[in-house]
Amino acid sequence: MANPAFVYNPPVQPYLTILYQDDDILVANKPSGLLSVPGKAEEHKDSLISRVNTVFPTATVVHRLDMATSGIMVMALNKESHRHISKQFELRQTKKRYFARVFGNVKNSEGEVNLPLICDWPNRPKQMVDYARGKKALTHYEVVDVIPKVSPQPVNSAASSYTSPSTSTTSELSETLVALYPVTGRSHQLRVHMLELGHPILGDRLYAHAEALSMAERLQLHAESLSFAHPTSEDWLTFQTPIPFTAYAHYSPAPLSID
């Protein structure tokens, strides 16, 4: 196993953050370190859905976030809503945006990673690229900001446009903030795709090398925006949560485009 030293210690403050709730759906902000659903072991029973179910017993999970990833999750409050929203995820009709702090200088201002993924069974829960057996996995990315080694502050104000890596000194750059737009939803997709791009996500205890791991206490990956059609009204809804990374606490991204 790739995680022999793992000790589950989920955060309790805040215990549960609900962003929206009506008769059909509930949207919550999952903290890093909390499982989306209960694990098999008794000590892994605490999870976001378990906490939600103490208040909304009918809530069910229609998608998941990695334990170490923070951000938005939508849950269904009845069977018809569950079917409707699950179908949207299955047909890739939902829109998602994540933000990640990654190691090094991402040279292109935008691009995509199109690499098929499969479970690395001898080292599970890790995933790996496999062109023969892997399932299609596609991620689009945009560079937002860069931080040089010589300064603890971003080169730009986080609310301004990113500094083009092409105009910066490569040797000075130690990390890049990227916006990630997963088209597919494979397990660990963003983490493995950034690794394969040569820029592991900071604080990633499964995939980051020692230097990238030491640069953050938690995985620097946050599910910041989620858009989907309401299961009853069919109105398009978009939810956002603030980026929890210290250097970008005051960064307010533009609303997620649903075009």
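This one's a predicted model, so the numbers in the text were calculated from it and none came from an experiment. Throughout this document, residue positions are counted from 1 along each chain, in the order its sequence is written. Under the rules for a predicted model, residues below a pLDDT of 70 receive no local features and side-chain atom pairs below 80 are neither given nor counted, while totals for whole chains, interfaces and linings still include all residues. Each side-chain value is worked out from all heavy atoms of the structure, with water and hydrogens disregarded.

The next subject is empty space enclosed by the protein. A cavity here means a set of points on a 1 Å grid, drawn over the protein atoms and nothing else, where a 1.4 Å probe fits but cannot get out; a pocket is an open set with protein on both sides within 12 Å along at least five of seven lines, and a residue lines either one if it has an atom within 4 Å of a point. Grid points are joined across faces, edges and corners, and a volume is the space filled by probe spheres set on the points. Under the defined criterion, the tally for this structure stands at 1 cavity of 30 Å³ or more. In this structure, the largest cavity spans a volume of roughly 40 Å³. Only DSSP runs of H or I covering at least 4 residues are called helices, and only runs of E covering at least 2 are called strands; the numbering of each starts at the N terminus. For the lining of the largest cavity, the secondary-structure elements that each account for two or more residues are β5 (95-103) and β11 (221-229). With 3 residues, β11 is the single largest residue contributor to the lining of the largest cavity.

With that settled, the discussion passes to the pattern of salt bridges. We define a salt bridge as a contact between a side-chain nitrogen of Lys or Arg and a carboxyl oxygen of Asp or Glu at a distance within 4 Å. Per the counting criterion, the structure on display carries 8 salt bridges. Residue Glu90 is joined to Lys87 by a salt bridge in which the shortest nitrogen-to-oxygen separation is 4.0 Å. Of this pair, Glu90 and Lys87 are both found in helix α2 (residues 79-90), 3 residues apart, which corresponds to roughly one turn of the helix. Accessible area is worked out with a 1.4 Å probe on protein chains only. A residue is then buried under 20% of its type maximum, exposed over 50%, and partly exposed in between. Given a relative accessible area of 39%, Lys87 falls into the partly exposed group. Residue Arg191 pairs with Asp204 through a salt bridge whose shortest N-O separation is 2.7 Å.

Here we come to the pairing of strand β12 (residues 236-240). Taking every second residue as pointing to the same face, the buried face of β12 carries Leu237 and Phe239, while none of Trp236, Thr238 and Gln240 on the other face is buried. If DSSP finds at least two bridges between two strands, the strands pair. Pairing between β11 and β12: 5 bridges, direction antiparallel. Considered in β12, the bridge of Ser227 is made with Thr238.

How far a helix is expected to stretch is found by multiplying one less than its residue total by 1.5 Å. An ideal rise of 1.5 Å per residue puts 16 Å on 12 residues; α2 measures up with 16 Å between its terminal C-alpha atoms. Considered for burial, the residues of α2 that qualify are Ser81, His84, Ile85, Gln88 and Phe89. Projection of α2 onto a plane perpendicular to its axis shows the buried side chains occupying an angular sector of 140 degrees, all on one side. Along α2, the residues that are exposed and aim more than 90 degrees away from the buried face are Lys79 and Glu90. Along its buried surface, α2 packs onto β2 (25-30), β4 (70-76), β5, β11 and β12. Looking at the residues trailing α2, positive phi occurs at Arg92, about 60 degrees. Think of the arc as the fan of directions from the helix axis to the C-beta atoms. The criterion used for residue contact is that any of the two residues' heavy atoms lie within 4.5 Å.

Centre distance within 6.5 Å is the pairing criterion for rings of Phe, Tyr and Trp, where only the six-membered ring of Trp is used; planes under 30 degrees apart are then read as stacked, over 60 as edge-to-face, and the remainder as tilted. Going through the model one piece at a time under the given rule, you end up with 4 aromatic pairs. A ring pair is formed by Tyr248 and Tyr251, whose centres lie 6.3 Å apart and whose planes are at 65 degrees; its orientation type is edge-to-face. Assessed through its relative accessible area of 1%, Tyr248 is described here as buried. Since its relative accessible area comes to 13%, Tyr251 is described here as buried.

If you look at the biggest cluster of nonpolar residues, it comprises 33 residues, and the most contacted ones within it are Met75, Val178, Leu180 and Leu221. Broken down by secondary-structure element, the contributors of at least two residues to this core are β2, α1 (48-53), β4, β5, β9 (138-148), β10 (173-182), α3 (189-196) and β11. Every residue in contact with Met75, bar those within four places of it in the chain, is listed here: Asp24, Ile25, Leu26, Leu48, Ile49, Val52, Thr60 and Val61. Among the nonpolar cores identified, the runner-up in size contains 12 residues, and Val74, Ile85, Leu226 and Phe228 belong to it. Residues belong to one nonpolar core when they are buried, are Ala, Val, Leu, Ile, Met, Phe, Trp, Tyr or Cys, and are joined through side-chain atoms within 4.5 Å.

Let us now look at unusual backbone geometry. Most of the time, phi is negative for any residue but glycine, and the peptide bond is trans. Here the amide bond leading from Gln13 into Pro14 is cis, since omega sits at -5 degrees, within 30 degrees of zero. By secondary structure assignment, the location of Pro14 is in the segment before β1 (18-21). With phi around 60 degrees, Arg92 is a residue other than glycine that occupies positive phi space. Under the relative-accessibility criterion, Arg92 is labelled partly exposed at 40%. Even without glycine at this site, Glu234 takes up a positive phi of about 70 degrees. With a relative accessible area of 47%, Glu234 lands in the partly exposed category.

The values are spatial; any link to function lies outside them.
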